[in-house]
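Residue-level structure breakdown
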Amino acid sequence: MPSSRIIKSVFTLFVIAIGFVPPVLAEGQRLIIEDVTLIDGKGNPPRTHMSIVIEGSRIVDILHGSAKNIKADQRIAGRGKYLMPGLIDAHIHLKGAYPETIDGQTVMAGDREVGIKTLHGFLYSGVTSVYDSGNAPDYIFGLRRDERAGKITAPHIFASGAIVTYPGSHGSQFGGVLIDDWPEAKSTLDDYLARKPDLMKLTYEERGWGARPMIPLLPLDLMQKAIAYANDQGVRTTVHASNEYRARQALSVGIDNLSHPVIVGPITDEFARTLAAKQIPMVTTLTIGERYSRLAEHPEYLDQALYQATLTPDEIKKMKTETRKEYQERVWTWWMKIMTPIAQDNIRKVHEAGGILVLGSDQSSGPSSHRELELIVASGIPPLEAIRIGTLNAARFLGKDRDMGSIEIGKIADMVLLDADPTVDINNAKAISAVFKSGVRIDRSRLDLPVNHK
Ligand SMILES: [Zn+2]
């Protein structure tokens, strides 16, 4: 092997080992994507022969026709290709967290290597932002800090850290932040808010559905005080609720958005109209429930390219055998199979009423984010609308729509270049030619993923 190639291999190994891929476009440089079909993420029909000019991390111009007269440090031919905003998965729980017992106390820790590989899988799949809706705080906030400092290659990370809940309620095991009285809860919330969560995540759940027993519920007046306390400090709030009644109550005490659709039964038209009138974003989270029967009945989905690229052969083998058998035997699997179409009807009703749906898989992988897109479209929502749900609407959910979520002048250049039109078939959102985060083209061949270790 010539020495230059050895040096290159060593460098590649080093790059993979530390999980850092150097940016291709330096700060202030100009990149132009020429003559592309533009899908802006705002729900506008695709526009052909468009040129997009990016300087540093931002989009500075969008023009019809050629940009040959504009100087550029880098040009990408877009003819025959489609450019859409990077996907935003607005409900994940990043893989890698585990409970650890220290001095008899159970706390949550996280395996950074697992986390970084998972984040690489998101980028590889065209997901340029993720919102983690509850995790081990030190783990996820550490990764968020490193992502923002440019120390790791990852999508933009938004996170809540821990989940705020009531003793014994949903999310209280493994490191939930427990509140049970006011004003005593203030100091607990002060510690929580000091970590600068991008959203405060609450749960409002008594279960008693889907073969699950009843559990204690966060008192409504306590939730109201917690929401006001966070809002007063400029922090928006989101809640896990699973039925219409609890979701309505959460709305009545000022929650800013909903982390799940209603899944335990059909919603009323009035609820759909209320969400639309109040413009309360609601995350779709269909994948988390549908994945059980999917694996039980259609394990061949794992043969698709994105799964093969991001999962190891051992992981795939285990899913097709052990995990599949386990899912087939679970009551939950078949309950969720019946409830998923009901949740799909519910999200379609909200969408048709003019509400803001938001893509969120409640899973932890790039392919799962694409599955969510597929399930949104299977609900009867056109692909063009599903793209908005996975881009601009998700940015709105995060309160970041001034900066991201669409391809518009002034916005951060988070984009995916595709070889086929996702507005005619949502599966084409997987025909990825290039991924850009903050104006930087991600070198997908250098990401720490099984596809690059073959
Ligand atoms: Zn969740």
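The rules behind the values
- Residues numbered from 1 in each chain as written.
- Predicted model: local features only at pLDDT ≥ 70, side-chain atom pairs only at ≥ 80, totals over all residues.
- Heavy atoms only, no water.
- Domains from an automatic or database assignment.
- Contact = heavy atoms within 4.5 Å.
- Salt bridge = Lys/Arg side-chain N within 4 Å of Asp/Glu carboxyl O.
- Helix = DSSP H or I, 4+ residues; strand = E, 2+ residues; numbered from the N terminus.
- Donors = N, O, S within 2.8 Å, 3.2 Å for Na, K, Ca; no water.
- Buried < 20%, exposed > 50% of the residue type's maximum accessible area, 1.4 Å probe, protein only.
- Pairing = 2+ DSSP bridges.
- Right-handed = clockwise from strand over helix to strand, strands pointing away.
- Phe/Tyr/Trp six-rings, centres within 6.5 Å; stacked < 30°, edge-to-face > 60°.
- Lys NZ or Arg CZ within 6 Å of the ring centre and 35° of its normal.

**Brief notes about the domain arrangement of the protein**
Annotation of the protein at the domain level lists domain 1 (21-85 + 408-443) and domain 2 (87-398). A straight line from the C-alpha centre of domain 1 to that of domain 2 covers 29 Å. At the interface, 25 residues of domain 1 touch 25 residues of domain 2. Glu147 is the partner of Lys437 in a salt bridge, and the nearest nitrogen-oxygen pair spans 2.6 Å. Counting residues per element, the ones that place at least two in the side of domain 1 that touches domain 2 are β5 (82-85) and β19 (432-437).

**A few points about the coordination of the zinc ion**
Around the zinc ion, the protein supplies His91 (NE2), His93 (NE2) and Asp362 (OD) as donor atoms, at distances of 2.0 to 2.3 Å. One chain supplies every donor to the zinc ion, and in sequence these donors are spaced H-x1-H-x268-D. On the basis of relative accessible area, His91 is assigned to the buried category, the value being 1%. Residue His93 is classed as partly exposed on the basis of its relative accessible area, which comes to 26%.

**Overview of the pairing of strand β9 (residues 127-132)**
In terms of burial, β9 is a largely internal element, 6 of the 6 residues being buried. As paired elements, strand β6 (residues 87-92) and β9 share 4 bridges and run parallel to each other. Paired with Leu87 across the bridge in β9 is Val127. Note that β9 and strand β10 (residues 156-159) share 4 bridges and pair parallel. The residue bridging Val130 from the neighbouring strand is Ile157, located in β10. A crossover connection joins β9 to the parallel β10 through helix α3 (residues 137-148); in handedness this β-α-β unit is right-handed.

**Quick word on the packing of aromatic side chains**
Taken as a whole and assessed by the stated rule, the structure comprises 7 aromatic pairs. Taking the centre distance of 5.5 Å and the plane angle of 40° together, the rings of Trp209 and Trp335 count as tilted. Residue Trp209 is found in the loop between β13 (200-203) and α5 (220-232), and its partner Trp335 is found in helix α11 (residues 331-352); the two are separated by 126 residues along the sequence. Residue classification places Trp209 among the buried residues on the basis of a relative accessible area of 11%. Given a relative accessible area of 22%, Trp335 falls into the partly exposed group. With a centroid separation of 5.6 Å and 25° between ring planes, the pair formed by Trp332 and Trp335 is classed as stacked. Pair noted here: Trp332 and Trp335 are both in helix α11, with a separation of 3 residues, about one helical turn. Taking relative accessible area as the criterion, Trp332 reaches 18% and is therefore assigned buried. Positioned above the aromatic ring of Trp209 is the side chain of Arg212, whose terminal nitrogen or guanidinium carbon lies 5.3 Å from the ring centre. A cation over an aromatic ring shows up here: Arg444 above the ring of Tyr124, its NZ or CZ 3.9 Å from the ring centre.

**Regarding the pattern of salt bridges**
With the rule as written, the count across this model stands at 29 salt bridges. With a shortest N-O distance of 2.9 Å, Arg112 and Asp146 are connected by a salt bridge. One end of the pair, Arg112, is in helix α2 (residues 112-124); the other, Asp146, is in helix α3, with 34 residues separating them in the sequence. Given a relative accessible area of 7%, Asp146 falls into the buried group. Taking the shortest distance from any N to any O, the salt bridge between Arg148 and Asp198 comes out at 3.3 Å. Of this pair, Arg148 sits in helix α3 while Asp198 is found in the loop between α4 (185-194) and β13, placing the two residues 50 residues apart along the sequence. It is possible to trace a salt-bridge network through shared partners that takes in Glu290, Arg371, Glu374 and Lys430.

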